[in-house]
Amino acid sequence: MIEIRKVEKKEKDEAIKTACDIFFEEQDIPKELTDIKAEFSPVWWGAFSDGKLVGTVAAYKEDGVRHMGRLTVRESMRGRHLATELVKTVLKELFEEGEPEVRLDAREATKRIILSFGGEVIGEEYRFFKSTCVPVRITKKQFETNNR
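Predicted model, so just to flag it, every value in this text is computed and none were measured. (Residues numbered from 1 in each chain as written. Predicted model: local features only at pLDDT ≥ 70, side-chain atom pairs only at ≥ 80, totals over all residues. Heavy atoms only, no water.)

Draft legend 1. View of the nonpolar core. Met 68, Val 87, Leu 91, Val 102 and Ile 138 are the most contacted members of the largest nonpolar core, which totals 26 residues. If you list the elements that add at least two residues to this core, you get strand S2 (43–49), strand S3 (52–62), strand S4 (65–73), helix H2 (82–96), strand S5 (101–106), helix H3 (108–116) and strand S8 (131–139). With seven residues, the top contributor of residues to this core is H2. Discounting residues that sit within four places of it in the chain, Leu 91 has contacts with Met 68, Val 102, Ile 114, Phe 117, Ile 138 and Phe 143. (Core = buried A, V, L, I, M, F, W, Y, C linked by side-chain atoms within 4.5 Å. Buried < 20%, exposed > 50% of the residue type's maximum accessible area, 1.4 Å probe, protein only. Helix = DSSP H or I, 4+ residues; strand = E, 2+ residues; numbered from the N terminus. Contact = heavy atoms within 4.5 Å.)

Below is the structure:
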């Protein structure tokens, strides 16, 4: 059974290490770029299978706007829609807390998830290490309209 929840303080280092390892191994993204500075008030969520961390995502505030990033799923757990469930859980919680919108710099798979929830592309695609990213956003109204 998969459990998706905010990581506890004692699990935060493991969540950051998991995201760092996956981003570095798969895309050569330097590990020092994966952690989110404390000034952005990051909150991490995890997907747990039998108590083991198998996926991560973080939300943080930058320039007054809520962002989501560091979405990872261990390769052995892919194909089970864990990333979709992680994103859905976090968006639901953020919108329940009063956030009007959430923005991401998304790779292709994450972009598809956001668009399937009613979000939109808001900028041009750009190269980011071994992949490309595109700015996307989803508003509370878009999410609620498409996820009843």
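Draft legend 2. Main features of the packing of aromatic side chains. Enumeration according to the criterion identifies four aromatic pairs in this entry. Geometrically, the ring pair formed by Phe 40 and Tyr 60 is tilted, given 6.3 Å between the ring centres and 50° between the ring planes. One end of the pair, Phe 40, is in the loop between helix H1 (12–27) and S2; the other, Tyr 60, is in strand S3, with 20 residues separating them in the sequence. With relative accessibility at 10%, the residue Tyr 60 sits in the buried group. Each ring, one from Phe 95 and one from Phe 143, has its centre 5.6 Å from the other, and the planes form 45°; the classification is tilted. Here Phe 143 lies in helix H4 (residues 140–146) and Phe 95 lies in helix H2, a separation of 48 residues in the sequence. The two residues Phe 95 and Phe 143 agree in class, both being buried. (Phe/Tyr/Trp six-rings, centres within 6.5 Å; stacked < 30°, edge-to-face > 60°.)

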